[in-house]
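Listed here are the chains, written in short residue letters.
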Amino acid sequence: MDTIAPSGLQPEERASSCLQEDVPSDSSELVQKCLQQFKVTRKQLQQIQVSLLRSMEQALMEQNNPAPAVRMLPTYVGSTPHGTEQGDFLVLELGATGASLRVLWVTLTGTEEHRVEPRSQEFVIPQEVVLGSGQQLFDFAACCLSEFLDAHPVGNQDLKLGFSFSFPCHQTGLDKSTLISWTKGFKCSGVEGHDVVQLLRDAIQRQGTYNIDVVAVVNDTVGTMMGCELGAGPCEVGLIVDTGTNACYMEEARHVAALDEDRGRTCVSIEWGSFNDDGALGPVMTIFDHALDYESLNPGAQRFEKMIGGLYLGELVRLVLAHLAQHGVLFGGCTSPALLSRGSILLEHVVEMEDPFTGAAHVHAVLQDLDLSPQASDAELVQHVCAAVCTRAAQLCAAALAAVLSRLQHSREQQTLQVAVATGGQVFEVHPRFRSILKEMVMLLVPECDVSFIPAVDGGGQGVAMVTAVAARLAAHRHLLEETLAPFQLNCQQLIVVQAQMREAMIRGLQGEASSLRMLPTYVRATPDGSERGDFLALDLGGTNFRVLLVRVAKGSVQITNQVYSIPECVAQGSGQELFDHIVDCIVDFQQRQGLSGQSLPLGFTFSFPCKQLGLDQGILLNWTKGFNASGCEGQDVVCLLREAIGRRQAVELNVVAIVNDTVGTMMSCGYDDPHCEMGLIVGTGTNACYMEELRNVASVAGDSGYMCINMEWGAFGDDGSLSMLSTCFDASVDQASINPGKQRFEKMISGMYLGEIVRHILLHLTSLGVLFQGQQTQCLQTRDIFKTKFLSEIESDSLALRQVRAILEDLGLTLTSDDALMVLEVCQAVSRRAAQLCGAGVAAVVEKIRENRGLEELTVSVGVDGTLYKLHPHFSSLVSATVRKLAPHCTVTFLQSEDGSGKGAALVTAVACRLAQTTRV
């Protein structure tokens, strides 16, 4: 029976021929050959698995295929339950159980301990309605809703309804769903191509009895997944084998082309009943499948469903029994009008007859109801037929589920996938062997997946309510998140105010008036001109690591050799003498390593702390920042402290020519390559800026011509309270916990030392509101500085999938969902965006001042930039640049990333000083 039908026949003749072809005289051979058609090899199942997976991936990418093998339909369900959902919800199920609908009243309490059983009522849909008009069907549904609510008085409250509509639909929102095609025997006119939610709303309005808001339309498969009992982890696959069959799962949103989303997950309904790959399904389709398909309401469609769904299993058994009877193998060669009538054997009959203990008795009862007189030997053969049909169905279902699990494993990039599959539908409920065959075959096809099968609660009805409840929870959490982050969303007017305030503070600081900007002269009067030559030492102290560098400046090139030394915390916060002795020890070690012992090279000292310079080699430390607090240094000339430490170390000669702020070094480093570079910017652990000011505007330094590089020390901007209107309660918490409360307010809103802490405080707040981590406070989030600023850069990286974002957070000991990961991402984005915009407002203030100083309508200027936050954060630099363009439209600003500005720049300051000194002597 490998050939389906003789060629040249009409479809009806072919279907008839399939069941009446010449057969072998040996009855046992006929039976064996008949049942052999339902045997599926492992290779064939693997081919179906691969073919379906390929079809799924093609449909996700929306490849131009006019007749897709499967439809991968987004359901707009973006989250699985937390188990904390609460409230009363009305559910209407249509199509889940054939020609009937069900109304449920579901109360969710948020806890398993206080669970309330749903109230429900089932209504049989008359056949004339099933095959009638759409208005008839939806009016009938609205009438059933009213009848149910009349029996369960609910007062005048507004009712939220979840609509379970178990047919292939194209959803464009949680409450917008267009019917693609009817299945399961329904054929109502005027519905295909229309929004079924609107049709239901119109019918409810025509009924006019209750205030019912249809907030979500849910496929029965999605309802099954969402109603799954919470186990060790969330259930992310739903599987229905009822009158029809379908599956859904949580897909990464970035893989669903129809959504145009790159973060989060969404539930996709596969609609695999329509899977129709001749290459994969052809070899496993029997003559009985072709006959069933031809006689169905939708020939050629839903071919896979017709081999699995409960609506068809009884019919397949009937066709086989009729075939065997017609050829004298069963019932003494006798048939009956009932046996030859479509639909006379149902799923429940098949299950009863297949039962290994009571099946024989059921076979006789069912066949007698069909007006047949079974012989004693017929019962066992009938049972074999039932088992063959149902076993194949379970195996085919397993192959399809294996494709879904393979897809999940691939998209999550996990070697071993641990997943729960919620199962629902009449076949699972009445046919226990179906589940066991399914499990066994899934284990064979995807051995790397640890799958647990969990029966759906209340046939998926509770899941429909859960979809509605989850949507309500997400909406409430979204409101709280937006409310929390609103103060971080700065508009253009606020940034213009910051820019203006900084300009005013700059002018006051330059004039020696009270200002939060110190505007310190650096005594650097020129940028490199390219003629500098020689070997120079450079020191770089500005964080937990200290560097010593040898810088060789030649024509057109700068060569650098450096060594990194650590500054222990006990030294950074010990005595000044101990700190500078440690620095000299490092210099001596470096000289020995480089063969420089005994040489006295010009030395530039990058000292990245607020200093008041009285000359190029004189710098009075105003106050420590960045976690340093060495005693006996504030108010002292740090060059003198360094020279004294050199003196304490005998046989060491060092010629300290210049003390350089790291920001100045950055500007000088970039200025060597670009003569337009007249501003330096640091955004790393801390933040600062410098620029070339007209000497005539610097009140503390004599002279009216030329330029002077000004160290703004802009980290302290706002210490006079001018930024209070932008400061949030989270900024206040970070400030109060710092070692310098009330100081460096601008820096604490911008720099790497503090952004992670701001995020941590926001996460704590959102957790206390129940928005994050199911409201469960964790010890790790209570730990200060546990959330590093580098995490912002990693989490906001466009190249990272949400899975990797979750991994970063889970490494901190946070147990979180995909929703949590998305919200943490939004928090990080809000904090870093504000930081970049404030930084941009500061840069705009500086470049606009340079332009006005020179009386230019248009200014072209470059900014040398250094700092890990600026360099490593994926969006910080572009946000700064965009803000500057908006606030300083008459300035063309180029940002140049400095290569070793704090070391190379210090050497170049020294080189320029030596060049100028030589020029003066000449």
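Quick look at the structure, then. Since this is a predicted model, take the numbers as computed values, not measurements.

Reading the values: rules and limits
Residues numbered from 1 in each chain as written. Predicted model: local features only at pLDDT ≥ 70, side-chain atom pairs only at ≥ 80, totals over all residues. Heavy atoms only, no water. Helix = DSSP H or I, 4+ residues; strand = E, 2+ residues; numbered from the N terminus. Rg over C-alpha atoms; globule rule 2.2 N^0.38 Å. Buried < 20%, exposed > 50% of the residue type's maximum accessible area, 1.4 Å probe, protein only. Contact = heavy atoms within 4.5 Å. Lys, Arg positive; Asp, Glu negative; His and termini not counted. Charge placed at Lys NZ, Arg CZ, Asp CG, Glu CD. Salt bridge = Lys/Arg side-chain N within 4 Å of Asp/Glu carboxyl O. Patch = residues over 30% accessible without salt bridge, like charges linked within 9 Å, V, L, I, M, F, W, Y side chains within 5 Å. Areas by Shrake-Rupley, 256 points an atom, 1.4 Å probe, with all protein chains shown as cover. Pairing = 2+ DSSP bridges. Core = buried A, V, L, I, M, F, W, Y, C linked by side-chain atoms within 4.5 Å. Polar contact = N/O pair within 3.5 Å; in protein donor to acceptor, adjacent residues only side chain to side chain. Arc of directions from axis to C-beta. Axes fitted to C-alpha atoms, helices over the stretch in contact; angles between N-to-C directions. Parallel < 35°, antiparallel > 145°, perpendicular 65-115°, else oblique. Left-handed = near helix turned anticlockwise from the far one by under 90°. Nonpolar A, V, L, I, M, F, W, Y, C, P; charged D, E, K, R; others polar.

A tally of helices and strands in the protein yields 31 helices and 26 strands. Whereas a compact globule of 922 residues would reach a radius of gyration of roughly 29 Å, the protein reaches 38 Å, over 25% beyond that. The principal-axis extents of the C-alpha atoms in the protein amount to approximately 125 × 65 × 50 Å. When each of the 922 residues of the protein is scored for burial, the buried share is 58%. Within the protein, counting contacts between residues at least 6 apart in sequence, those at least 24 apart form 70% of the total. Counting 66 positive and 105 negative side-chain charges, the protein places the centres of these two groups 9 Å from one another.

What follows is about the pattern of salt bridges. When charged atoms on two side chains of opposite charge get close, those side chains can pair. Here the structure, examined in full by the defined rule, presents 39 salt bridges. Glu826 is paired through a salt bridge with Arg478; the nearest N and O atoms lie 2.6 Å apart. Here the residue Glu826 occupies a position in helix H28 (residues 818-853), and Arg478 occupies one in helix H16 (residues 461-485), the gap between them amounting to 348 residues. A relative accessible area of 25% places Glu826 in the partly exposed class. When its relative accessible area of 32% is taken as the criterion, Arg478 is described as partly exposed.

A few words now on a negative patch on the surface. A cluster of acidic residues, Asp260, Glu261, Asp262 and Asp798, forms a negative patch on the protein surface. Secondary-structure assignment places Glu261 in the loop between strand E10 (245-252) and strand E11 (265-269). Overall, Glu261 belongs to the partly exposed group, its relative accessible area being 45%.

One open sheet holds the six strands; their spatial order is E14-E24-E23-E22-E25-E26, and the pairing between them is mixed. Single-partner strands in this sheet number two, and they are strand E14 (520-521) and strand E26 (891-897). Direction of pairing for strand E25 (residues 859-866) relative to E26: parallel, over a ladder of seven bridges. Considered in E26, the bridge of Thr860 is made with Thr892.

Let's shift gears to the nonpolar core. In this structure, Tyr691, Met712, Trp714, Phe787, Ile795 and Phe876 are the most contacted members of the largest nonpolar core, which totals 116 residues. With 19 residues, the top contributor of residues to this core is H28. Core analysis: the next-biggest nonpolar cluster, separate from the first, contains 99 residues, Tyr249, Met353, Val363 and Val442 among them.

Here we come to the side chain of Ser751. The residue Ser751 is located in the loop between helix H23 (745-750) and helix H24 (752-768) in this model. For Ser751, a relative accessible area of 0% puts it in the buried group. A distance of 3.0 Å separates a polar atom in the side chain of Ser751 from the backbone oxygen of Thr685.

Glancing now at the pairing of strand E20 (residues 618-621). By the bridge criterion, four bridges tie strand E19 (residues 611-615) to E20 in an arrangement that is antiparallel. When the sheet's bridge partners are listed, Gln613 is paired in E20 with Gly619. Linking E19 back to E20 in an antiparallel pair, the connection comprises two residues.

So, on to helix H12 (residues 359-369). By the burial criterion, the buried members of H12 are Gly359, Val363, Val366 and Leu367. Along H12, the residues classed as buried sweep out an arc of 95° about the axis, all on the same side. Residues Ala361 and Asp369 are exposed on H12 and point more than 90 degrees away from its buried face. Downstream of H12 by one or two residues, Asp371 has phi in the positive range, about 60°.

Here we take up the packing of helix H9 (residues 287-295) against helix H10 (residues 310-326). Packing of H9 against H10 brings their axes to within 10 Å, and their N-to-C directions diverge by 120°. One element, H9, and the other, H10, form an angle in the oblique class. Helix-helix and strand crossings are classified by hand; for H9 and H10 the assignment is right-handed. Contact residues: Phe288, Asp289, Ala291, Leu292 and Glu295 in H9; Tyr312, Glu315, Leu316, Arg318, Leu319, Val320 and His323 in H10. Here the contact of H9 with H10 is composed, by residue class, of seven nonpolar, one polar and four charged.

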